[in-house]
Amino acid sequence: MTLHTIILGSETDFAGWRDAARALALANVPPEHITWTVKGRAAQLFEPTSLPPADPDRTFTVPAAFVDLASIAILNRNPERFARLYRLLWRLRDTPRLIEDATDPDVAILQKFAREVRRDEHKMHAFVRFRELGRGKEARFVAWFEPEHHIVELAAPFFARRFADMPWSILTPERCVHWDGRDTVFTEGAAKSDSPSSDPLEDIWRSYYANIFNPARLKIKAMQAEMPKKYWRNLPEASLIDPLIANAARTTQAMIEREAPVPRPSRQRKEEPIMASPAHIKSESLAALRAEAADCRACHLWKDATQTVFGEGPRHAPIMLVGEQPGDKEDLAGKPFVGPAGQVLNRALDEAGIDRDKVYVTNAVKHFKFVPRGKIRLHQKPNTPEIKACRPWYERELAAVKPALVVAMGATAAQSVFGKITPIGKNRGHLIDLDEAKALVTVHPSYLLRLPDADAKEREYANFVKDLKLAASFLHKLKAA
Ligand code: URA
């Protein structure tokens, strides 16, 4: 009887394990005759043994599901994993369907290993926080993370996709990964002191976190399961958690006092895209609509956005202003038109004699659509399916607010308001009949911001104010009637 000691090249040496396991299984070496270890591990008691010679005429196959499971389970830190994998491989030679039996002890433990690895990968995606080193062209973004398992290679492609345009490094105690805009490079582990500990971006993270923290939904146990305390020390926002929890009861009470009671929306309503016209939609409370829209999954845009940005304004505002979609600032704040376009809008409303507090402001699409470019999120125009998916919210807002006039700002808003592509140039400057209100089409305030020359900016801004004055005079006439 020969005892074998297999020394793998590294903790994640799947190819080395697979080659050794294939040779050992073909040579009929039973699991209990093998010791598996990794190069460089302390206290190596045995010299490596050479693998049994390969017999080119003998071969065997294993189910693809085993290869998938093994390539992930091997990344678990548990030192038993190599032996467990071999034992399962050994048994699969005669009983390939064993891989489908989740109650088998070898299958069960390896599936648990794989689940732990995936969970750790997910945590790394969620909790890596980059800090900026250097400025301008020299800037580099560095993060410190302490994974539980050997997941740096597994998790790296996600960061390369997500932060493709910025050079970054993620340092961990055992392995580091670096991205230069083209390739990922892996190096030995680092010390925490090699990573910067704070930068101005952390204030942004903190205000973002404070913004999205909803005290009424606070479930401390669930939150700690999602964001275990061990990750807190590397999260800039973690310093806010205790004070926010401490304040939660008071803030919730204040929210309850501010808002009318919200009827619980039925599950069915949430999942069905609602395409009825406003005339058929009963008028609902805006608070209920906002609460329901917070969980909207009618298109994919919710996945990357921070939150649904619902409309805002008095319940029976005479004017409803409709924009395109929230921008970066609106996405973080959860309110429409609070960024640069909002400032242009405020100024123009003021000049037209319309009080913003008296109008209802909303967007055709209620999630921010963007592509990440380094730390910047670049606005992307919503497409027709996204506009359609979001239209029921506009219709229900319309039915709740019942404005006398809807102002569609820009092409996306016009498409939503009229239910079809409606060119701005041809339709602006006069009131158009809708079923239950009038409509006015004008440009979007961001269009004014994008105009390159000062003359055009001034001229177009004046036209925008002129359109808003039309809205103001319509209102005056309405009041006088
Ligand atoms: N642009 C929009 O269309 N809406 C906003 O809320 C902000 C910018």
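An account of the accompanying structure is given in this report. Owing to the predicted nature of the structure, the values given are computational and were not obtained by experimental measurement.

## Remarks on the pattern of salt bridges
Here comes step 1: Summed over the entire model, instances satisfying the criterion amount to 28 salt bridges.
Here comes step 2: Between Arg84 and Asp106 there is a salt bridge, with its nearest N and O atoms 2.7 Å apart. Taken together, the residues span a long stretch of sequence, with Arg84 in helix 3 (residues 81–92) and Asp106 in helix 4 (residues 105–127) at a distance of 22 residues.
Here comes step 3: In this structure, the salt-bridge partner of Glu284 is Arg396, at a minimum N-O distance of 2.8 Å. Of this pair, Glu284 sits in the loop between helix 9 (267–271) and helix 10 (286–293) while Arg396 sits in helix 13 (residues 384–401); the two residues are 112 residues apart in sequence, bridging distant segments of the chain. The exposure classification of Glu284 matches that of Arg396, with both residues buried.
Here comes step 4: Taken together, the shared-partner salt bridges connect Glu80, Arg84, Arg87, Arg91, Asp104 and Asp106 into one network.

## Notes on the site of the ligand
Here comes step 1: Neighbouring the ligand are Gly323, Glu324, Gln325, Pro326, Gly327, Glu330, Pro336, Phe337, Ala341, Asn363 and His444.
Here comes step 2: Separating an oxygen atom of the ligand from a backbone N or O atom of Glu324 is a distance of 2.7 Å.
Here comes step 3: At 2.7 Å, a side-chain N or O of Asn363 approaches a nitrogen atom of the ligand.
Here comes step 4: Here the residues of the shell around the ligand sort into four nonpolar, five polar and two charged.

## A look at the nonpolar core
For soluble globular proteins, the rule of thumb is that nonpolar side chains tend to be buried together.
Here comes step 1: Membership of the largest hydrophobic core comes to 59 residues, with the highest contact counts inside it found for Ile319, Leu321, Ile354 and Val407.
Here comes step 2: Residue contacts for Leu321: discarding those within four places in its chain leaves Leu345, Leu349, Val359, Tyr360, Val361, Thr362, Val407 and Met409.

## Points about the packing of helix 2 (residues 64–73) against helix 3
A packed helix pair is summarised by two numbers, namely the angle formed by the two axes and the spacing between the axes.
Here comes step 1: It is the contact of helix 2 with helix 3, at a shortest axis distance of 10 Å, that shows an interaxial angle of 170 degrees. The pairing of helix 2 with helix 3 is recorded here as roughly antiparallel in orientation. In contact with Phe66, Leu69, Ala70 and Ala73 of helix 2, helix 3 contributes Arg81, Leu85, Leu88, Leu89 and Leu92.
Here comes step 2: Split into classes, the residues belonging to the contact of helix 2 with helix 3 amount to eight nonpolar, no polar and one charged.

## Observations regarding the sheet that holds strand 4 (residues 140–144)
Here comes step 1: Ordered in space as 3-4-5-6-7, the five strands form an open sheet in which the pairing is mixed. The strands lining the two open edges of the sheet, one partner per strand, are strand 3 (131–133) and strand 7 (184–188). The mean inter-strand angle of the sheet, taken between neighbouring strand axes irrespective of direction, is 25 degrees.
Here comes step 2: As judged from the four bridges shared by strand 4 and strand 5 (residues 168–171), these two strands associate in the parallel manner. Its bridge partner lying in strand 5, Phe141 is registered against Trp168.
Here comes step 3: The sheet strands contacting helix 5 (residues 152–162) are strand 5, strand 6 (175–179) and strand 7, and the helix crosses strand 6 at an angle near 20 degrees.

## Remarks on the sheet that holds strand 14 (residues 438–442)
Here comes step 1: Across the sheet, which stays open at both edges, the five strands sit in the order 9-8-12-14-13 with mixed pairing between neighbours. Looking at strand neighbours, the two that pair on one side only are strand 9 (360–363) and strand 13 (432–433), the edges of this open sheet.
Here comes step 2: As defined by bridge partners, strand 12 (residues 405–409) adjoins strand 14 across five bridges and the pair is classed as parallel. The partner of Met409 across the bridge, within strand 14, is Thr442.
Here comes step 3: The strands that helix 17 (residues 454–480) touches are strand 8 (319–323), strand 12 and strand 14; relative to strand 14, the one it contacts most, it runs at about 165 degrees.

Basis of the calculations
Here, residues in each chain are numbered from 1, in the same order as that chain's written sequence. In keeping with the model being predicted, local features are shown solely for residues with a pLDDT of at least 70 and side-chain atom pairs are shown and tallied solely at 80 or more, while totals for entire chains, interfaces and linings include all residues. Calculation of side-chain values draws on the structure's entire complement of heavy atoms; hydrogens and water are dropped beforehand. In what follows, salt bridge is the name for a side-chain nitrogen of Lys or Arg lying within 4 Å of a carboxyl oxygen of Asp or Glu. Segments assigned H or I by DSSP are reported as helices when at least four residues long, segments assigned E as strands when at least two residues long, and all are numbered from the N terminus. Partly exposed residues are those whose accessible area sits between 20% and 50% of the maximum for their type, while under 20% is buried and over 50% is exposed, using a 1.4 Å probe and protein chains only. Throughout, near means a residue has at least one heavy atom within 4 Å of the molecule or strand. Any pair of N or O atoms that falls within 3.5 Å is considered a polar contact. Within protein, one atom must be able to donate a hydrogen and the other to accept it, and sequence-neighbouring residues count only if both atoms are side-chain atoms. Note on residue classes: Ala, Val, Leu, Ile, Met, Phe, Trp, Tyr, Cys and Pro are nonpolar, Asp, Glu, Lys and Arg are charged, and everything else, Gly too, is polar. Only buried Ala, Val, Leu, Ile, Met, Phe, Trp, Tyr and Cys residues count toward a nonpolar core, and they belong to the same one when joined by side-chain atoms within 4.5 Å. We call two residues in contact when some of their heavy atoms are within 4.5 Å. Axis definition: a line fit to C-alpha positions, over the contact stretch in the case of helices; interaxial angles, taken between N-to-C directions, run 0 to 180 degrees. By definition in this entry, angles of less than 35 degrees are roughly parallel, angles greater than 145 are roughly antiparallel, angles of 65 to 115 are roughly perpendicular, and the rest are oblique. Note on pairing: two strands pair once DSSP finds at least 2 bridges between them.

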